[in-house]
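Given next are the chains, with one letter for each unit.
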Amino acid sequence: MSKVHVFDHPLIQHKLSVLRDKSTSVKEFREIISEISMLMCYEATRDLPVEEIQVETPVDTATCYQIAGKKLAIVPILRAGLGMVDGMVTLMPNVKVGHLGLFRDPETLEPVKYYFKMPQDISERDVIVVDPMLATGGSAVAAVTFLKEAGARHIKLMDIIAAPEGVEAMQKAHPDVDIYVAALDDHLNEHGYIVPGLGDAGDRIFGTK
Ligand code: PRP
Ligand code: URA
């Protein structure tokens, strides 16, 4: 069974309160999604392997560490996942970015794929799938399935807010994928929205409603 990591860091929790507030402007919402993503990325990459290197300082030789092992890719689920990319790229300037376009059919709540463009060597990379919301889990489950079909093997999922229903669906479909969230909310409403949640993440990032 995969692990669910809930980040209770005070900075993340403070910023999340601003995101949830319905009076937060599009500008501030975008900025805070990006800041939370950077902070979450810092925590979610804590287990990256490092190797020892020797660095010549102006004074002596220092034993230092650099990231070792497999290369990383981040894969935002369009649209809302795009809002999380900048913050992560700030921390990892050379990270490769794949794009996966999915939207949730408003009637059936089933994910519909419209775009898939991954780095060529995706099967050799550790992948972090990013999307602000894990609701029914349909989008995340489908995203991970498409990535596995493309050869990706080591995958993590990073969401800002998750509903218990989405976590359960992911753990059932992909027990090998650990989940990183800033908050685990109460339930889904009859329209598949997370309660209390923050509303429609894509609309709030892009100002489409
Ligand atoms: C939202 C969100 C997730 C999905 C979560 O995207 O960004 O991708 O819903 O819901 P689920 O867990 O029930 O699948 P949406 O379909 O609204 O598309 P958008 O990002 O283009 O607005
Ligand atoms: N997608 C969103 O953007 N918000 C929700 O609450 C559920 C799905």
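Bear in mind the structure is a predicted one, so any value in this text is a computation, not a measurement. (Residues numbered from 1 in each chain as written. Chains lettered and ligands numbered in written order. Predicted model: local features only at pLDDT ≥ 70, side-chain atom pairs only at ≥ 80, totals over all residues. Heavy atoms only, no water.)

Draft legend 1. View of a nonpolar patch on the surface. Among the surface-exposed residues, Phe 103, Val 112, Tyr 114 and Tyr 115 lie close enough to one another that they form a single nonpolar patch of about 370 Å² accessible area. No other element matches strand S7 (residues 111-117), which puts 3 residues into the nonpolar patch. For Tyr 114, the position within the fold is in strand S7. On the basis of relative accessible area, Tyr 114 is assigned to the partly exposed category, the value being 43%. (Patch = residues over 30% accessible without salt bridge, like charges linked within 9 Å, V, L, I, M, F, W, Y side chains within 5 Å. Areas by Shrake-Rupley, 256 points an atom, 1.4 Å probe, with all protein chains shown as cover. Salt bridge = Lys/Arg side-chain N within 4 Å of Asp/Glu carboxyl O. Helix = DSSP H or I, 4+ residues; strand = E, 2+ residues; numbered from the N terminus. Buried < 20%, exposed > 50% of the residue type's maximum accessible area, 1.4 Å probe, protein only.)

Draft legend 2. Looking closely at the site of ligand 1. As a structural note, the neighbourhood of ligand 1 is formed by 15 residues, with Arg 104, Asp 131, Thr 136, Gly 137 and Ser 139 the closest of them. Ala 135 places a main-chain nitrogen or oxygen 2.9 Å from an oxygen atom of ligand 1. Between ligand 1 and Gly 137 there is a distance of 2.8 Å, counted from an oxygen atom to a backbone nitrogen or oxygen. In isolation ligand 1 offers 500 Å² of accessible surface; the protein chains occlude 91% of this area. (Near = heavy atom within 4 Å. Polar contact = N/O pair within 3.5 Å; in protein donor to acceptor, adjacent residues only side chain to side chain.)

Draft legend 3. Spatial organisation of helix H1 (residues 10-20). Taken residue by residue, H1 has Ile 12, Lys 15, Leu 16 and Leu 19 as its buried positions. Down the axis of H1, the buried side of the element spans an arc of 110°, and every buried residue falls inside it. In H1, those exposed residues whose orientation departs by more than 90 degrees from the buried face are Pro 10 and His 14. In this structure, the buried residues of H1 make contact with helix H2 (26-44), strand S10 (154-162), strand S11 (178-184) and helix H6 (201-206). (Arc of directions from axis to C-beta. Contact = heavy atoms within 4.5 Å.)

Draft legend 4. Structural view of the packing of aromatic side chains. Applying the stated criterion to the full structure yields 2 aromatic pairs. Aromatic pair Phe 103 and Tyr 114: ring centres 6.1 Å apart, planes at 35°, arrangement tilted. Remark: Tyr 114 occurs in strand S7 and Phe 103 occurs in strand S6 (residues 99-104); sequence separation between them is 11 residues. The ring of Phe 116 has Lys 113 sitting right over it, with the charged end atom 4.9 Å from the ring centre. (Phe/Tyr/Trp six-rings, centres within 6.5 Å; stacked < 30°, edge-to-face > 60°. Lys NZ or Arg CZ within 6 Å of the ring centre and 35° of its normal.)

Draft legend 5. Focus on the site of ligand 2. Taken together, Arg 104, Met 133, Ala 135, Gly 192, Tyr 193, Ile 194, Gly 199, Asp 200 and Ala 201 are the residues near ligand 2. For ligand 2, an oxygen atom lies 2.8 Å from a polar atom in the backbone of Ile 194. The contact in question runs from an oxygen atom of ligand 2 to an N or O atom on the backbone of Ala 201, over 2.8 Å. When isolated, ligand 2 has an accessible area of 240 Å², and the protein chains bury 88% of it. Of the residues that constitute the shell around ligand 2, the class distribution is 5 nonpolar, 2 polar and 2 charged. (Nonpolar A, V, L, I, M, F, W, Y, C, P; charged D, E, K, R; others polar.)

Draft legend 6. Inspection of the nonpolar core at higher detail. Counting 36 residues, the largest nonpolar core has Leu 16, Leu 19, Ile 36, Met 40, Met 88, Met 158 and Ile 160 as the members making the most contacts within it. Broken down by element, this core gets its largest block of residues, 7 residues, from H2. Setting aside its immediate chain neighbours within four residues, Ile 160 contacts Leu 16, Leu 19, Ile 33, Ile 36, Met 40, Met 84, Asp 131, Pro 132, Val 181, Ala 182 and Ala 183. (Core = buried A, V, L, I, M, F, W, Y, C linked by side-chain atoms within 4.5 Å.)

Draft legend 7. Structural view of the packing of helix H4 (residues 138-149) against helix H5 (residues 164-173). At a minimum axis distance of 8 Å, the contact between H4 and H5 shows a crossing angle of 25°. The angle between H4 and H5 places the two elements in the roughly parallel class. Seen along the crossing, H4 lies across H5 with a hand that is right-handed. Side by side, H4 and H5 meet where Ala 140, Val 141 and Val 144 of the first sit next to Ala 169, Met 170 and Ala 173 of the second. Among the residues forming the contact of H4 with H5, the class breakdown is 6 nonpolar, no polar and no charged. (Axes fitted to C-alpha atoms, helices over the stretch in contact; angles between N-to-C directions. Parallel < 35°, antiparallel > 145°, perpendicular 65-115°, else oblique. Left-handed = near helix turned anticlockwise from the far one by under 90°.)

Draft legend 8. Focus on H2. Taking 1.5 Å of rise per residue, 19 residues should cover 27 Å, and H2 covers 26 Å from first to last C-alpha, within 8% of that figure. Those residues of H2 that fall on the buried side of the exposure criterion are Phe 29, Ile 32, Ile 33, Ser 34, Ile 36, Ser 37, Met 40, Cys 41 and Ala 44. Check the buried side of H2 and you find it contacts H1, helix H3 (85-91), S10, S11 and H6. (Expected span 1.5 Å × (residues − 1).)

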